[in-house]
Amino acid sequence: MLNDEICKKRDELNKSIKNNEDYEKIYKLSVELDELIAKYYMQKKDENA
């Protein structure tokens, strides 16, 4: 689910950083990961409401 997407995106980001890929790509992946994490917490918040 969403947790799996977060793990995949985090792995992709870590691999990009490790391989010294282009800053723009790393930044894009980082923003996408942040958005997924925000979605995850919003989902959790709604479940607990």
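Up top you'll find the structure we're talking about.
Computed from a predicted structure; not experimentally measured.

**With respect to the overall build of the protein**
Helix and strand counts for the protein come out as two helices and zero strands. Structurally, the protein occupies a C-alpha span of about 40 × 15 × 10 Å along its principal axes. For the protein, the exposed area adds up to about 4200 Å²; of that, 51% sits on carbon and sulfur atoms. Within the protein, one finds 10 positive and 12 negative side-chain charges whose respective centroids are separated by 4 Å.

**Brief notes about the packing of aromatic side chains**
All told, the structure shown has two aromatic pairs when counted by the stated rule. Each ring, one from tyrosine 23 and one from tyrosine 27, has its centre 6.1 Å from the other, and the planes form 25°; the classification is stacked. Linking tyrosine 23 with tyrosine 27, this pair stays in helix H2 (residues 23-48), spanning four residues, or about one helical turn. Overall, the relative accessible area of 58% leaves tyrosine 23 in the exposed class. By relative accessible area, tyrosine 27 is classed as partly exposed at 46%.

**Structural notes on the pattern of salt bridges**
Where charged atoms from two side chains of opposite charge approach closely, those side chains can pair. A complete count under the given rule lists five salt bridges for this structure. Note that lysine 9 is salt-bridged to glutamate 32, the shortest N-O span being 2.7 Å. Of the two residues, lysine 9 sits in helix H1 (residues 2-18) while glutamate 32 sits in helix H2, which places them 23 residues apart along the sequence. For glutamate 21, the salt bridge is made with lysine 25, and the minimal N-O distance between the two is 2.9 Å. On the accessibility criterion, glutamate 21 (28% relative accessible area) is partly exposed. Among the residues examined, lysine 25 registers a relative accessible area of 39% and is labelled partly exposed. Salt bridges sharing partners connect three or more residues here, namely Lys9, Glu12, Lys28 and Glu32.

Conventions adopted
All chains use their own residue numbering, which begins from 1 and follows the written sequence. With the structure being a predicted model, the display of local features is reserved for residues of pLDDT at least 70 and the display and counting of side-chain atom pairs for 80 or more, all residues being used for whole-chain, interface and lining totals. Side-chain calculation: all heavy atoms of the structure are included, whereas hydrogens and water are not. Under the scheme used here, helices are H or I runs from DSSP no shorter than 4 residues and strands are E runs no shorter than 2 residues, and both carry numbers assigned from the N terminus. Every accessible area reported is derived by Shrake-Rupley at a probe size of 1.4 Å, with residue values counting cover from the shown protein chains alone. The charge count treats Lys and Arg as positive and Asp and Glu as negative. His and the chain ends do not count. For the purpose of locating charges, the reference atoms are NZ of Lys, CZ of Arg, CG of Asp and CD of Glu. Whether two aromatic rings pair depends on their centres lying within 6.5 Å, for rings of Phe, Tyr and Trp, where Trp uses its six-membered ring; planes under 30 degrees apart make the pair stacked, over 60 edge-to-face, and the rest tilted. Buried means the residue's accessible area, taken with a 1.4 Å probe over protein chains only, is under 20% of the maximum for its type, while exposed means over 50%, and partly exposed covers the values in between. Here, a salt bridge means any side-chain nitrogen of Lys or Arg that lies within 4 Å of a carboxyl oxygen of Asp or Glu.

Distances and angles like these do not, on their own, reveal function.
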